[in-house]
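So the chains spell out like this:
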Amino acid sequence: LSEKELIRWKKDKTNREYLIEMRSNQFYQSFSELTRAFEYVWYGEVLLVEKDFKGLQPHFSGLIEKVKATESE
């Protein structure tokens, strides 16, 4: 996202700050859903089992591929 200039990456930024930056972006919805899943596991101390990972992985990969295919703004 940073390389495509969709966000301005900073070490100390929060996911919420990135969501605010992305709100008018075509990838906002996907990014928001994936961020929610990440936070649920990371901060909720939920164990991500293989089945859940396999369900989420295509969404992460799909977003990455769509972002790669875009022109920098």
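Residues numbered from 1 in each chain as written. Predicted model: local features only at pLDDT ≥ 70, side-chain atom pairs only at ≥ 80, totals over all residues. Heavy atoms only, no water.

(A) Representation of the overall build of the protein. When its secondary structure is counted, the protein shows 3 helices and 0 strands. Helices (α) and strands (β) of the protein occur, in sequence order from the N terminus, as α-α-α. A principal-axis box enclosing the C-alpha atoms of the protein has dimensions of 35 × 25 × 20 Å. Partitioning the contacts of the protein with sequence separation of at least 6, the portion at a separation of at least 24 is 45%. Mean positive and mean negative side-chain charge positions of the protein (12 and 13 charges, respectively) differ by 2 Å. (Helix = DSSP H or I, 4+ residues; strand = E, 2+ residues; numbered from the N terminus. Contact = heavy atoms within 4.5 Å. Lys, Arg positive; Asp, Glu negative; His and termini not counted. Charge placed at Lys NZ, Arg CZ, Asp CG, Glu CD.)

(B) Representation of the nonpolar core within the structure. By size, the foremost hydrophobic cluster in this structure holds 10 residues: Leu6, Ile7, Tyr18, Leu19, Met22, Phe27, Phe31, Leu34, Leu63 and Val67. Take this core: its biggest share by element is 3 residues, from helix H1 (residues 15-22). Setting aside residues no more than four positions away along its own chain, Met22 makes contact with Leu1, Leu6, Ile7, Phe27, Tyr28 and Phe31. (Core = buried A, V, L, I, M, F, W, Y, C linked by side-chain atoms within 4.5 Å. Buried < 20%, exposed > 50% of the residue type's maximum accessible area, 1.4 Å probe, protein only.)

(C) Up close: the side chain of Thr70. Turning to its location among the elements, Thr70 is positioned in the segment after helix H3 (50-68). At 2.7 Å, the side chain of Thr70 forms a polar contact with the backbone oxygen of Val67. (Polar contact = N/O pair within 3.5 Å; in protein donor to acceptor, adjacent residues only side chain to side chain.)

(D) Focus on unusual backbone geometry. For Glu5, which is not a glycine, the phi torsion comes out positive at approximately 60°. In this fold, Glu5 is placed in the segment before H1. By relative accessible area, which is 53% here, Glu5 ends up exposed. Positive phi values are uncommon outside glycine, yet Glu45 reaches one of about 55°. Looking at the element boundaries, Glu45 is found in the loop between helix H2 (28-42) and H3.

(E) Looking closely at the side chain of Asn25. Within the secondary structure, Asn25 sits in the loop between H1 and H2. Residue class for Asn25 comes out buried when judged on its relative accessible area of 12%. Polar side-chain contacts of Asn25 include one of 2.6 Å to the backbone nitrogen of Phe27.

No statement about biological role is implied by the geometric values presented.
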